[in-house]
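Reading the structure
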Amino acid sequence: MPIINISFTGQPEPELSEKVAAKVSDLTQSHLRKDPSVTAVVVSYVDPRHWFAGGKSLASQQASSFWLDIKVVDGTNTKQELGAYIEAIFAAFEDILGTVHPESYVLVHEVPAAAYGYGGKTQEFRYISGRLAVT
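The present account deals with the structure reproduced in this document. (Residues numbered from 1 in each chain as written. Predicted model: local features only at pLDDT ≥ 70, side-chain atom pairs only at ≥ 80, totals over all residues. Heavy atoms only, no water.)

The subject of this paragraph is the packing of helix α1 (residues 14-32) against helix α3 (residues 79-97). Here α1 crosses α3 at 155 degrees, and the two axes come no closer than 10 Å. Considering the angle they form, α1 stands roughly antiparallel to α3. At the point where α1 passes α3, the crossing takes the right-handed sense. Seen from α1, the contacting residues are L16, K19, V20, K23, V24, L27, T28, H31 and L32; seen from α3, they are E81, L82, A84, Y85, A88, I89, A92, F93 and I96. (Axes fitted to C-alpha atoms, helices over the stretch in contact; angles between N-to-C directions. Helix = DSSP H or I, 4+ residues; strand = E, 2+ residues; numbered from the N terminus. Parallel < 35°, antiparallel > 145°, perpendicular 65-115°, else oblique. Left-handed = near helix turned anticlockwise from the far one by under 90°. Contact = heavy atoms within 4.5 Å.)

Structure (structure tokens):
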């Protein structure tokens, strides 16, 4: 937990995918306090000739873009943490990709703990089980 889907412009490169996944996982840990051992990252590439911003392809604008979509449990992060995360992600992609179009996006879905989980268990189940184990 969490699951992170990342799409960005370019041609598939395993080394770049690994670099992006590691950086995003690191920022997710440092800003949102999410355990990297249970963080999943999916990386997808889009040809810049097929990604449009402002009505023009990114290839024609000589810019890159990205879209990061992450799911976290509702209420586990403050507005300040979310804002800092979004800012850090944008800066990281500028470092990795170079010129990044300002119409690049980060969407943090805050979902109910009862509706989200991994390994066949919801996050709510994990929370309750953890609380019961303490008593």
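A few words now on the environment of E124. Note that E124 resides in helix α4 (residues 123-134). Counting along the chain gives 51 residues from E124 to V73, while the straight-line C-alpha distance between them is 9.2 Å. Excluding residues within four positions of it along the chain, E124 makes contact with A113 and A114.

Looking now at the nonpolar core. Soluble globular proteins tend to pack their nonpolar side chains together in the buried interior. Grouped together as the largest cluster of nonpolar side chains are 24 residues, with contacts concentrated most on F8, V24, L68, Y85, I89 and F93. Contributing elements (two or more residues each) for this core: β1 (3-9), α1, β5 (66-73), α3 and β6 (105-111). With eight residues, α3 is the single largest residue contributor to this core. (Core = buried A, V, L, I, M, F, W, Y, C linked by side-chain atoms within 4.5 Å. Buried < 20%, exposed > 50% of the residue type's maximum accessible area, 1.4 Å probe, protein only.)

Take the pattern of salt bridges next. For side chains of opposite charge, pairing can occur when their charged atoms come near one another. Applying the stated rule across the entire model yields three salt bridges. Across the pair R33 and E81 runs a salt bridge whose closest N-O atoms are separated by 2.2 Å. Residue R33 is found in the loop between α1 and β2 (40-46), and its partner E81 is found in helix α3; the two are separated by 48 residues along the sequence. R33 sits in the exposed class, given a relative accessible area of 53%. Across the pair D69 and K71 runs a salt bridge, and its minimum N-O distance is 2.9 Å. (Salt bridge = Lys/Arg side-chain N within 4 Å of Asp/Glu carboxyl O.)

This brings us to the pairing of β1. Where burial is concerned, most of β1 is hidden: five out of the seven residues are buried. With seven bridges connecting them, β1 and β2 associate as parallel partners. Its bridge partner lying in β2, N5 is registered against V42. Handedness of the crossover joining β1 and β2 through α1: right-handed. (Pairing = 2+ DSSP bridges. Right-handed = clockwise from strand over helix to strand, strands pointing away.)

The way to describe two aromatic rings as a pair is by their centre distance and the angle between their planes. For the structure shown, the criterion picks out four aromatic pairs. Here the aromatic rings of F66 and F93 are separated by 4.2 Å at their centres, their planes lie at 10 degrees, and the arrangement is stacked. Of this pair, F66 sits in strand β5 while F93 sits in helix α3; the two residues are 27 residues apart in sequence, bridging distant segments of the chain. What makes F93 buried here is its relative accessible area of 1%. One Lys or Arg, R126, reaches over the ring of Y118 and ends 3.8 Å from the middle of that ring. (Phe/Tyr/Trp six-rings, centres within 6.5 Å; stacked < 30°, edge-to-face > 60°. Lys NZ or Arg CZ within 6 Å of the ring centre and 35° of its normal.)

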